[in-house]
Number of protein chains: 2
Amino acid sequence: MSLNLSSWTRPDQGALFVVSGASGTGKTTLLREALRHVPDLSFSVSATTRPARAGESEGLDYLFVSPERFQAHVDAGDFLEHAQVYGNRYGTLRAPVQKALAQGLSVVLDIDVQGARQVRKTMPNGIGIFLAPTSIEVLEQRLRARGTEAEHTITLRMAQVQEQLNGSGEFEYVVVNDVLSCAHDCLQAVFVAELQKVHRRQLVIQGLKRQDG
Amino acid sequence: MSLNLSSWTRPDQGALFVVSGASGTGKTTLLREALRHVPDLSFSVSATTRPARAGESEGLDYLFVSPERFQAHVDAGDFLEHAQVYGNRYGTLRAPVQKALAQGLSVVLDIDVQGARQVRKTMPNGIGIFLAPTSIEVLEQRLRARGTEAEHTITLRMAQVQEQLNGSGEFEYVVVNDVLSCAHDCLQAVFVAELQKVHRRQLVIQGLKRQDG
């Protein structure tokens, strides 16, 4: 997509986009491209108790915190969502997201359906986007073609996809990744459109109204 | 904008887009381009009591009806909106709009703020898009530059713009026509995004769900 947004006006307030989708739907590529093209849009940086790997930067890839610090944030209700994966904890802090939104910047959360559900409770204004695969058969073929997954893992993954599909009704948008170029345009359109919502464009309207009117 | 929607899947149900904006905001050009690029989107055809002009086709430009027929439609509540302009009556019939929506086609209504208000009452699911000018000064300069309008007409027009701005809060989206290319992308994004709304994509989701699940 060649969005031409050179004269883009930043909205009064940014939007929180909560994006979920099955692995194998090309979510990472889609989001990376969207962030290149849509102005003032960036990924949320998660806090984690996992140690930094070589090449990872504090504040850029993750906020690296101690388990005690993480738990203190949980107790204080500082997280929009948090989860444990293979013994490490990951979470999205509310404060940096809200600071960005107040500056007119928008934030993308790449998260699973369960995490999206948590975020919906803490930030009901978050905009849910569900990335759906073209077909279950193609998705299963792709997982097999990787050749890295055991048969029982593939079965588990496919069951997870069905669970995600059952949760898709909780999202506001469904973008189908049928052919990559179409999904790019459709996803970026959702980001751009939401930022034209009337409640995010009140400064423009106020500026046009006659002072004497 | 070079939307690449070659693999576009028609939504389960189309959307009714209600577009209003001051004259001089480039609305006609914007909409014409959007209709060229966004799939399955077309203008609503108005019914009118005005006689057909040379080159106008029945059903394509207007539905030409007698004053009696028009009034019968009014009495039967067949119109989404109707108005009188210089002694002629114009109106949007509900039936062809609903037929298109049910087929997954989307309809654009190019209408003033008062008309949009009427449509909102009869079709609350209609999506309002307000096209705002870049600046009041530029808009006034453009009207003067035409050289065709008397001073009191310009004053009247500018007062109408202020009235429209006061009504802009009733719309869902505000697209600012600051530089033409940006407005094109922003407007087309709204059309494309709305058609990805989850309630218009249930057939896709149902198709992906396992029959045995």
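Cut-offs applied
- Residues numbered from 1 in each chain as written.
- Chains lettered and ligands numbered in written order.
- Predicted model: local features only at pLDDT ≥ 70, side-chain atom pairs only at ≥ 80, totals over all residues.
- Helix = DSSP H or I, 4+ residues; strand = E, 2+ residues; numbered from the N terminus.
- Buried ≥ 20, exposed ≤ 12 C-beta atoms within 10 Å, placed from the backbone.
- Contact = placed C-beta atoms within 7 Å.
- Axes fitted to C-alpha atoms, helices over the stretch in contact; angles between N-to-C directions.
- Left-handed = near helix turned anticlockwise from the far one by under 90°.
- Nonpolar A, V, L, I, M, F, W, Y, C, P; charged D, E, K, R; others polar.
- Arc of directions from axis to C-beta.
- Pairing = 2+ DSSP bridges.
- Core = buried A, V, L, I, M, F, W, Y, C linked by C-beta atoms within 7 Å.
- pLDDT = per-residue confidence, 0-100.

## Things to note about the overall build of chain A
And step 1. Helix and strand counts for chain A come out as 8 helices and 9 strands.
And step 2. The 213 residues of chain A split such that 38% are buried.
And step 3. Put simply, of all contacts in chain A between residues at least 6 apart along the chain, 70% involve residues at least 24 apart.

## So, the environment of T25 of chain B
All names here are of chain B.
And step 1. As for its position among the elements, T25 is in the loop between β1 (16-21) and α1 (27-37).
And step 2. Using a count of 23 C-beta atoms within 10 Å as the deciding quantity, one classes T25 as buried.
And step 3. Taking the C-alpha atoms as reference points, T25 and A132, separated by 107 residues in sequence, lie 6.8 Å from one another.

## Concerning unusual backbone geometry
Note on backbone geometry: most residues besides glycine have negative phi, and most peptide bonds are trans.
And step 1. Positive phi, normally seen in glycine, also occurs at D40 of chain A, with a value near 60 degrees.
And step 2. We classify D40 of chain A as partly exposed; it has 18 C-beta atoms within 10 Å.

## Description of the packing of helix α5 (residues 136-146) of chain B against helix α6 (residues 151-167) of chain B
All names here are of chain B.
And step 1. Running from N to C, α5 and α6 point in directions that differ by 150 degrees, and their axes come no closer than 11 Å. Once α5 is placed against α6, the crossing between them reads as right-handed. In contact with I136, L139, E140, L143 and R144 of α5, α6 contributes I154, R157, M158 and V161.
And step 2. The class makeup of the residues in the contact of α5 with α6 is 6 nonpolar, no polar and 3 charged.

## Quick look at the environment of G55 of chain A
Residue and element names in this part refer to chain A.
And step 1. Its place among the elements puts G55 in the loop between β3 (46-48) and β4 (62-64).
And step 2. Classification of G55 as exposed rests on a count of 6 C-beta atoms within 10 Å.
And step 3. Taking the C-alpha atoms as reference points, G55 and H199, separated by 144 residues in sequence, lie 40 Å from one another.

## Section: helix α4 (residues 113-122) of chain B
And step 1. Of all the residues in α4 of chain B, the buried ones are V113, G115, A116 and V119 of chain B. End-on view of α4 of chain B: buried residues confined to an arc of 150 degrees, all on one side of the axis.

## A look at the pairing of strand β5 (residues 79-85) of chain B
All names here are of chain B.
And step 1. The sheet contact formed by β5 and strand β6 (residues 88-93) spans 6 bridges and is antiparallel. Pairing of V85 across the sheet is with N88, part of β6.
And step 2. Counting the residues between successive antiparallel strands, the hairpin from β5 to β6 contains 2 residues, one of them, Y86, with a positive phi of roughly 50 degrees.

## Let's talk about the nonpolar core
And step 1. Of all hydrophobic cores here, the largest spans 92 residues; its most connected members are I129, V175 and V190 of chain A together with I129, V175 and V190 of chain B.
And step 2. Once residues lying within four places of it in the same chain are set aside, the contact partners of V190 of chain A are I129, Y173 and V175 of chain A together with A193 and Q196 of chain B.

## Notes on the confidence of the model for chain A
All names here are of chain A.
And step 1. On average, residues of chain A score 90 in pLDDT, and 93% of them reach the 70 mark or higher.
And step 2. The spread of mean pLDDT over the elements of chain A runs between helix α5 (residues 136-146), the lowest at 84, and helix α2 (residues 67-76), the highest at 98.
And step 3. Taken together, the chains of this predicted complex give a pTM of 0.90 and an interface ipTM of 0.87.

## Examining helix α1 (residues 27-37) of chain A
All names here are of chain A.
And step 1. Among the residues making up α1, those that are buried are K27, L30, L31 and A34. Mapping the buried residues of α1 onto a view down its axis gives an arc of 90 degrees, with all of them on the same face. Exposed and facing more than 90 degrees away from the buried side of α1 are T28, R32 and R36.

## Comments concerning the sheet that holds strand β3 (residues 46-48) of chain B
Residues and elements named next belong to chain B.
And step 1. With mixed pairing, the 4 strands of this open sheet are ordered in space as β4-β3-β6-β5. Of all the strands in the sheet, just β4 (62-64) and β5 have a single pairing partner and so form its edges. On average, adjacent strands in this sheet sit at an angle of 25 degrees to one another, irrespective of strand direction.
And step 2. Of the strands in this sheet, β3, β5 and β6 touch helix α2 (residues 67-75), which is tilted by about 45 degrees from β6.

## Focus on the sheet that holds strand β8 (residues 127-132) of chain B
Residue and element names in this part refer to chain B.
And step 1. Across the sheet, 5 strands lie side by side as β2-β7-β1-β8-β9; this open sheet has parallel pairing. In this open sheet, the two edge strands, each paired with only one partner strand, are β2 (41-43) and β9 (173-176). Each adjacent strand pair in this sheet contributes to an overall mean axis angle of 25 degrees, direction not counted.

## Side note on the environment of L208 of chain B
And step 1. Locating L208 of chain B in the fold gives a position in helix α8 (residues 202-208).
And step 2. Assessed through the 20 C-beta atoms surrounding it within 10 Å, L208 of chain B is described here as buried.
And step 3. If near-sequence neighbours (up to four positions away) are discounted, L208 of chain B is found in contact with A132, P133, I136 and L165 of chain A.

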